[in-house]
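Chain by chain, the residues:
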Amino acid sequence: MTALFKPVIASAILLLLIIPVANAADDFVPLETGAMMVGLVGGLALFLYGMDHLASALKTLAGARLRFILSKMTRNRFMAVLSGALVTGLVQSSSVTTVLVVGFVSAGLMPFAQSIAVIMGANVGSTLTAQIIAFRVDAVAPLVMAIGFGLTMMATRKRVAMAGKAILGTGMLFFGMGMMSDAMEPLRTYPPFIDLMAEMQNPVLAIIVAAFFTALVQSSAATTGIIIVLAGQGLVTLDGGIALIFGANIGTCVTALLVTIGKGRDALRTAIGHVLFNVGGVFLWLPFIAQLSEFVTDISFATNGGQTDIAREIANAHSIFNIANVILMIAFVPWIARLIEKIVPPETVIDPPLDPSPKYLMAEVTNTPAAAIALLRNEVIHMGDIVTDVVRRGRENMRKPTSKKLQRISELDDGVDSLQDAIALFASKMRRSELLPGELDRLQNELEVSNHLEAVGDLVAEEMVELVSELMDLRQIPSEERRAQITELFEIAENCLKQALTAYSGDDMETARAVLARDQEFGAKMEVTLHRISDAIGPRDVDIRCYRINVALVERINRLFQRACRIAHVTISGLDGHKAAGDDGQSPPTVTLPETF
């Protein structure tokens with residue numbers, strides 16, 4: 001079921017529940033159910049689509065800052081809360097934050113206890129969505145959409161286009177809210193619905209209903225939007241709206257639990273932490289709904305008519321609820337983490353990954369070029385060990401791929417990327433000191449090798465993992481013989497990478513030259529592998545797709561070999577003084593693939 005169908009089906013179920021059979025009675029005017037359903041379903045779909053547009057645009061604009069914020073601001077639980085709130089506020093999605101956190105924990109870049117604090121912060125950041133929705137400026141939504149569309153279509157710079165997409169999404173969000181509001185207006189005088197809403201004064205029932213609906217659509221933003229629309233029409237009291245918001249906070253945990261399916265213990269622990277925090281917070285506040293209602297009424301601004309805006313009051317209650325929960329529970333994060341670790345004990349890891357956190361970089365020595373470059377070189381060698389481990393796992397996974405192994409390799413790439421960021425940041429600080437020409441050349445070489453290593457990590461952990469996943473989805477895993485042929489080619493490239501790194505770490509020109517001398521061996525092996533893949537093409541569409549994927553895998557292995565040659569070339573150029581050529585003045589060997597259809 002796609003994300004587009006979820007709100008459609010959920011909205012239809014909602015209307016079937018709130019428009020009872022009493023519609024046929026004679027004591028009140030029947031509702032135009034069809035028109036209402038179209039308005040509600042269409043409005044909710046447009047609302048969610050606008051929210052998705054807004055979130056994706058903000059995520060693109062934020063770019064690498066998301067990774068930097070989470071990796072640098074999680075050194076203690078307070079900064080972890082701040083980073084979670086900031087990232088969620090930037091991308092308007094606590095799910096994105098949760099996925100990033102799971103990846104960081106799995107890659108060993110973040111302690112599990114700190115991830116609980118980040119999730120707490122993500123809940124705070126998600127309250128910004130309710131605050132945006134509460135503005136209810138649907139009257140100017142078409143103008144906002146027009147401005148956003150114009151920027152998107154006419155912008156020549158990507159950042160301006162993304163800003164336009166964010167504005168367009170905001171306009172669609174408010175326009176969808178207006179559609180839902182218009183669709184629900186007849187319910188204001190509809191006795192059965194008024195009676196149903198009277199039942200929502202029971203906070204337990206309201207929490208159950210909202211939790212169920214949120215779990216159904218897997219979007220707390222959708223539930224929040226509908227609650228605010230109902231409140232704006234006078235169909236929900238403040239107390240009832242607060243209880244419904246509580247239920248939405250419980251229901252959103254289902255999404256986090258579903259995301260963890262097939263993703264290991266770390267992901268499950270993070271999701272359970274989310275559940276404990278949200279459910280515990282609701283139980284904590286359940287006896288104090290009336291007091292919270294009075295408080296938000298006192299602090300909310302009055303409108304021109306002297307009446308407070310109930311939509312804003314509900315949004316404020318949502319914010320206070322989550323912020324207060326963080327304040328109350330942050331001191332207990334270590335105990336919460338221990339409880340979760342007992343609930344989900346660690347699995348036995350037969351082949352634990354290497355630690356990707358920086359081992360040698362110290363900011364204090366950046367103004368001492370010789371020492372700083374030595375530390376940088378050690379860190380690049382450390383990065384080479386980690387990338388070699390990723391490559392080994394990728395090669396081993398070629399023979400017996402499983403979804404769990406593929407996911408694990410993908411998570412390890414987060415550690416490689418983070419280490420590359422640390423190396424680049426350290427080098428950028430070194431540039432501020434006065435470097436001699438030789439020192440500057442050495443610095444450039446270290447950065448070049450780290451760039452090649454990061455590219456190798458992406459090749460294996462992103463591109464090759466995706467290709468193998470496609471084969472698994474097609475249920476067309478190559479035969480043992482075919483996998484063995486591709487693995488043999490992979491082994492040559494892997495061995496060349498190891499040789500190149502050995503040459504780099506030991507300033508060994510002979511070993512570096514030996515890597516470059518293996519181009520004919522690799523080219524011949526690749527040609528044989530491609531011929532055998534071509535010979536195995538079948539007549540079905542799925543056979544042709546498998547052929548394309550296998551050729552693409554060989555192409556990635558070729559690129560891995562090329563990166564190994566470039567690392568060897570850096571060693572040679574660093575030793576003989578040539579920046580862009582080998583000892584014979586030629587470029588690194590290049591092995592090309594034959595043209596395929």
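Report follows, based on the coordinates. (Residues numbered from 1 in each chain as written. Predicted model: local features only at pLDDT ≥ 70, side-chain atom pairs only at ≥ 80, totals over all residues. Heavy atoms only, no water.)

1. Observations concerning the overall build of the chain
Across its full length, the chain holds 24 helices and zero strands. Scored against the burial criterion, the 597 residues of the chain give a buried share of 52%. Looking at the chain alone, contacts between residues at least 24 apart form 80% of all its contacts between residues at least 6 apart. On the chain, roughly 27,200 Å² of surface is accessible, and the fraction owed to carbon and sulfur atoms is 60%. (Helix = DSSP H or I, 4+ residues; strand = E, 2+ residues; numbered from the N terminus. Buried < 20%, exposed > 50% of the residue type's maximum accessible area, 1.4 Å probe, protein only. Contact = heavy atoms within 4.5 Å. Areas by Shrake-Rupley, 256 points an atom, 1.4 Å probe, with all protein chains shown as cover.)

2. Here we look at the pattern of salt bridges
Scanning all chains against the criterion turns up 14 salt bridges. A salt bridge links Arg 518 to Glu 521; its shortest N-O distance comes to 3.0 Å. Of the residues examined, Glu 521 reaches a relative accessible area of 41% and is grouped as partly exposed. Taken together, the salt bridges that share partners define one network made up of Asp 389, Arg 392, Arg 393 and Glu 396. (Salt bridge = Lys/Arg side-chain N within 4 Å of Asp/Glu carboxyl O.)

3. Describing the environment of Gly 394
As for its position among the elements, Gly 394 is in helix H18 (residues 369–399). Relative accessible area serves as the criterion here: at 8%, Gly 394 is assigned to the buried category. Note: C-alpha distance between Gly 394 and Ser 410 (16 residues apart in sequence) is 9.8 Å. Those residues within four positions of Gly 394 in sequence are excluded, and the remaining contacts are Ile 409, Val 460 and Phe 490.

4. Some thoughts on unusual backbone geometry
Even without glycine at this site, Asp 507 takes up a positive phi of about 50 degrees. Along the polypeptide, Asp 507 turns up in the loop between helix H21 (480–506) and helix H22 (509–516).

5. Focus: the side chain of Ser 450
Within the element layout of this structure, Ser 450 appears in helix H20 (residues 437–473). Ser 450 gets classed as buried once you look at its relative accessible area, which sits at 0%. A polar contact of 2.8 Å, which involves the side chain of Ser 450, links it to the backbone oxygen of Leu 447. Those residues in contact with Ser 450, other than ones at most four positions away along the chain, are Val 380, Met 383, Gln 420 and Ile 423. (Polar contact = N/O pair within 3.5 Å; in protein donor to acceptor, adjacent residues only side chain to side chain.)

6. Overview of H22
Taken residue by residue, H22 has Met 509, Thr 511, Ala 512, Val 515 and Leu 516 as its buried positions. Viewed end-on, H22 has its buried residues packed into an arc of 165 degrees, placing them on one side of the element. Measuring from the side-chain oxygen of the N-cap residue of H22 to the backbone nitrogen of Glu 510 gives 3.1 Å; that N-cap residue is Asp 508. (Arc of directions from axis to C-beta.)

7. Examining the side chain of Ser 319
Looking at where Ser 319 falls in the secondary structure, it is placed in helix H16 (residues 310–329). For Ser 319, a relative accessible area of 11% corresponds to the buried category. Once residues lying within four places of it in the same chain are set aside, the contact partners of Ser 319 are Thr 127 and Gln 131.

8. A few points about the packing of helix H11 (residues 220–232) against helix H12 (residues 238–251)
Where H11 meets H12, the closest approach of the two axes is 10 Å, and the angle between their N-to-C directions is 170 degrees. The orientation of H11 with respect to H12, classified from their angle, is roughly antiparallel. On H12, the residues that touch Ser 220, Thr 223, Thr 224 and Ile 227 of H11 are Gly 241, Leu 244, Ile 245 and Ala 248. (Axes fitted to C-alpha atoms, helices over the stretch in contact; angles between N-to-C directions. Parallel < 35°, antiparallel > 145°, perpendicular 65-115°, else oblique.)

9. Considerations on the environment of Ala 512
Position of Ala 512 among the secondary structure elements: in helix H22. Setting aside chain neighbours within four positions, we find Ala 512 in contact with Ala 503, Ala 568, Thr 571 and Ile 572.

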